[in-house]
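Descriptive structure summary
Listed here are the chains, written in short residue letters.
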Amino acid sequence: MIEHWGSGIQRMTAACHDRGLDTPKFEEIGTHFRVTLSAIRRHSPAKDERDQSILGALAASSESGLSTSQIAKWIGVSLRTARTRLASLVERGLVAEIGSGPQDPHRRYHLVPAP
């Protein structure tokens, strides 16, 4: 538990980097401090090997997209792992999710074109 104390700044900085945002700006103001977070993406979000595999699978797929189970099979992971990774990629704006909700059996994922 103690290891989590004091790690908030590093986690905030890493989260910004992972999403392609500028590093948070920290300012000391008297006895207070201010943290400024950017909402403007300055660079491509960070992608690890598994993210790259998912993006590669989506790039190679037809225009109909891929389902969660197809992606899980393609990259050799469980459905739960695939769902978690896909949610992260959707949140970071790299993948689009088409469907009515998490339980939609026809839900498909598509690669978002680079700006």
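Quick note: structure is the one above.
In this report, we go over the structure that sits alongside the text. Owing to the predicted nature of the structure, the values given are computational and were not obtained by experimental measurement. Residue positions are given per chain, counted from 1 along the sequence in the order it is written. Per-residue local features are limited, in this predicted model, to residues with pLDDT of at least 70; the limit for side-chain atom pairs, both in listing and counting, is 80 or more; totals at the level of whole chains, interfaces and linings are taken over all residues. Where side-chain values are given, they derive from all heavy atoms of the structure, hydrogens and water being excluded.

**A short note on the pairing of strand β1 (residues 25–29)**
Quick reminder of the rule: Paired strands, as defined in this entry, are two strands with at least two bridges between them according to DSSP. Only DSSP runs of H or I with at least four residues qualify as helices, and only runs of E with at least two residues qualify as strands; both kinds are numbered from the N terminus onward.
Both β1 and strand β2 (residues 32–36) contribute to a ladder of five bridges, which runs antiparallel. Along β2, the bridge assignment pairs I29 with H32. Hairpin connection of β1 to β2: two residues between the antiparallel strands, including G30 at a positive phi of 60°.

**Section: the packing of helix α2 (residues 49–60) against helix α4 (residues 79–91)**
Stated formally: Under this scheme, a helix contributes an axis fitted over its contacting stretch, all axes are lines through C-alpha atoms, and angles between N-to-C directions fall in the 0 to 180 degree range. Should an angle fall under 35 degrees it is called roughly parallel, over 145 degrees roughly antiparallel, and 65 to 115 degrees roughly perpendicular, with every other angle called oblique. The contact definition used throughout considers only heavy atoms, calling two residues in contact when any of these lie within 4.5 Å. Charged residues are taken to be Asp, Glu, Lys and Arg, nonpolar residues to be Ala, Val, Leu, Ile, Met, Phe, Trp, Tyr, Cys and Pro, and polar residues to be all remaining types, Gly included.
Put simply, α2 and α4 touch, their axes get as near as 11 Å, and they point 85° apart. Accordingly, the angle class assigned to the pair α2 and α4 is roughly perpendicular. For the pair α2 and α4, contact is made by R50, D51, I54 and L55 and by T81, R85, L86 and L89, respectively. Partitioned by chemical class, the residues of the contact of α2 with α4 number four nonpolar, one polar and three charged.

**Here we look at the nonpolar core**
The condition is simple: Joining through side-chain atoms within 4.5 Å is the link that ties buried Ala, Val, Leu, Ile, Met, Phe, Trp, Tyr and Cys residues into a set, and such a set is a nonpolar core. The buried label applies to any residue whose accessible area, calculated with a 1.4 Å probe on protein chains only, is under 20% of its type's maximum; exposed applies above 50%, and partly exposed to all values in between.
In this structure, I54, L58, I71, L89, V95 and Y109 are the most contacted members of the largest nonpolar core, which totals 15 residues. Breaking this core down by element, the ones donating at least two residues are α2, α3 (68–75) and α4. In terms of residue count, the dominant contributor to this core is α2 (four residues). Once residues within four sequence positions are removed from consideration, L89 is found in contact with D51, I54, L55, L94 and V95.

**Brief notes about the side chain of S67**
Defined as follows: Pairing of N or O atoms within 3.5 Å defines a polar contact, subject to two protein rules: one partner must be a possible hydrogen donor and the other a possible acceptor, and residues neighboring in sequence count only if both atoms are side-chain atoms.
Mapped onto the elements of the fold, S67 is located in the loop between α2 and α3. Classification of S67 by relative accessible area gives buried; the value is 9%. Engagement of the side chain of S67 in a polar contact is seen with the side chain of S69, the distance being 3.2 Å. The contacts of S67, once residues within four sequence positions are left out, are R107, R108 and Y109.

**Considerations on the environment of G76**
Among the structural elements, G76 can be located in the loop between α3 and α4. Residue classification places G76 among the exposed residues on the basis of a relative accessible area of 63%. Distance from G76 to S53, taken between C-alpha atoms, is 10.0 Å for residues 23 residues apart in sequence.

**Observations concerning the packing of α2 against α3**
Put simply, the rule reads: Should the near helix be turned counterclockwise from the far one by less than a right angle, the crossing is left-handed, whereas a clockwise turn marks it as right-handed.
Two elements in contact, α2 and α3, have axes whose closest approach is 10 Å; the angle formed by their N-to-C orientations is 120°. Between α2 and α3, the interaxial angle falls into the category oblique. Note that α2 runs across α3; the crossing there is right-handed. Facing α2, whose interface residues are R50, S53, I54, A57, L58 and A60, α3 presents I71, W74 and I75. Here the residues of the contact of α2 with α3 are counted per class, giving seven nonpolar, one polar and one charged.

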